[in-house]
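# Commentary on secondary and tertiary structure
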Amino acid sequence: MARGEHHRIHAQDRVQRNRLRIAQEAARLMSEHGIRDFHHAKLKAAERLGIFDTQALPRNNEIEEALREHQRIFQAHSQPQLLQQRREAAVEAMRFLGDYEPRLVGAVLDGTADSHSAVCLHVFSDDPEAVILRLREHGVPVETQTRRLRLSRDEQAEYSVLLFAADELPFDLTVLPVDSLRQPPLDRIDEKPMQRASLPTVEALVAEGDDNSDFERKLTAALR
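Because the structure is a prediction, the values reported are computed rather than measured.

### Comments concerning helix H7 (residues 199-208)
Every buried residue of H7 is listed here: Thr201, Val202, Leu205 and Val206. For H7, the arc enclosing every buried residue in end-on projection is 140°, short of the 170-degree limit, so these residues lie on one face. Of the exposed residues in H7, the ones pointing more than 90 degrees away from its buried face are Pro200 and Ala207. One or two steps after H7, the chain reaches Gly209, where phi turns positive at roughly 95°.

Listed below in structure tokens is the structure:
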């Protein structure tokens, strides 16, 4: 093998090793410190490891895979219980908010929820104030924010976000217009339409129990 080819292969191997190291460290930071932004997590991980080669930055799906592995190794007993607790809470909230066609999204749906995770729902109303009023009428203190979501590679929009706590669990509701039921925003991980689950699907996931070892099979079955 020519020396130049040997150096090229060695450099590629180094980049791949560093990608894995950054993904694993980013997963640890997300799990232990509650970081939820993939981009922030991998930049912080790279800084902590002293790796400044941008080619070594892992993709978001690589970090998600590392996060699942971290949870399997270090949180095998606690994480499934935390996930199940949040899915059960999601069911209760979705029943309460049934008039607004709620959909579960995020870590509680994809199976990576932990002690830092909020129950994230999309609710649909052309009048966000109606959702706020519904919560406040039932004694739920609500904090309001806005969130920018990508609808396509070239289009973004801001939506109302309602934050509150119930049974000591944080909830995060994004209020979207009714016609957004047909067009999910893009997922932050793979830039594909966001995965969302209706109440019957979440109820099916809860009925499966707290074993998160085969999330893809369970979710596929529940979506049928």
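### Description of unusual backbone geometry
Of note in the backbone geometry, Glu101 takes a positive phi value of approximately 50° without being a glycine. Relative to the helices and strands, Glu101 is located in the loop between helix H4 (78-96) and strand S1 (103-105). You can call Glu101 partly exposed: its relative accessible area is 39%. The phi dihedral of Glu191 is positive, around 60°, even though this residue is not glycine. Here Glu191 is to be found in the loop between strand S5 (169-176) and H7. Using a relative accessible area of 38% as the deciding quantity, one classes Glu191 as partly exposed.

### Notes on the nonpolar core
With 31 residues, the main nonpolar core has Leu104, Leu121, Leu135, Leu162, Phe171, Leu173 and Val202 as its most contacted residues. Residue assignment for this core shows that the elements contributing at least two residues are H4, helix H5 (107-110), strand S2 (119-124), helix H6 (128-137), strand S4 (156-166), S5 and H7. When residues no more than four places from it in sequence are discounted, the contact partners of Phe171 are Ala89, Ala93, Val119, Leu162, Leu163, Phe164 and Ala166. By size, the runner-up hydrophobic cluster in this structure holds 17 residues, among which are Ile22, Ala23, Ala41 and Ile189.

What counts, and where the lines are drawn
Residues numbered from 1 in each chain as written. Predicted model: local features only at pLDDT ≥ 70, side-chain atom pairs only at ≥ 80, totals over all residues. Heavy atoms only, no water. Buried < 20%, exposed > 50% of the residue type's maximum accessible area, 1.4 Å probe, protein only. Helix = DSSP H or I, 4+ residues; strand = E, 2+ residues; numbered from the N terminus. Arc of directions from axis to C-beta. Core = buried A, V, L, I, M, F, W, Y, C linked by side-chain atoms within 4.5 Å. Contact = heavy atoms within 4.5 Å.

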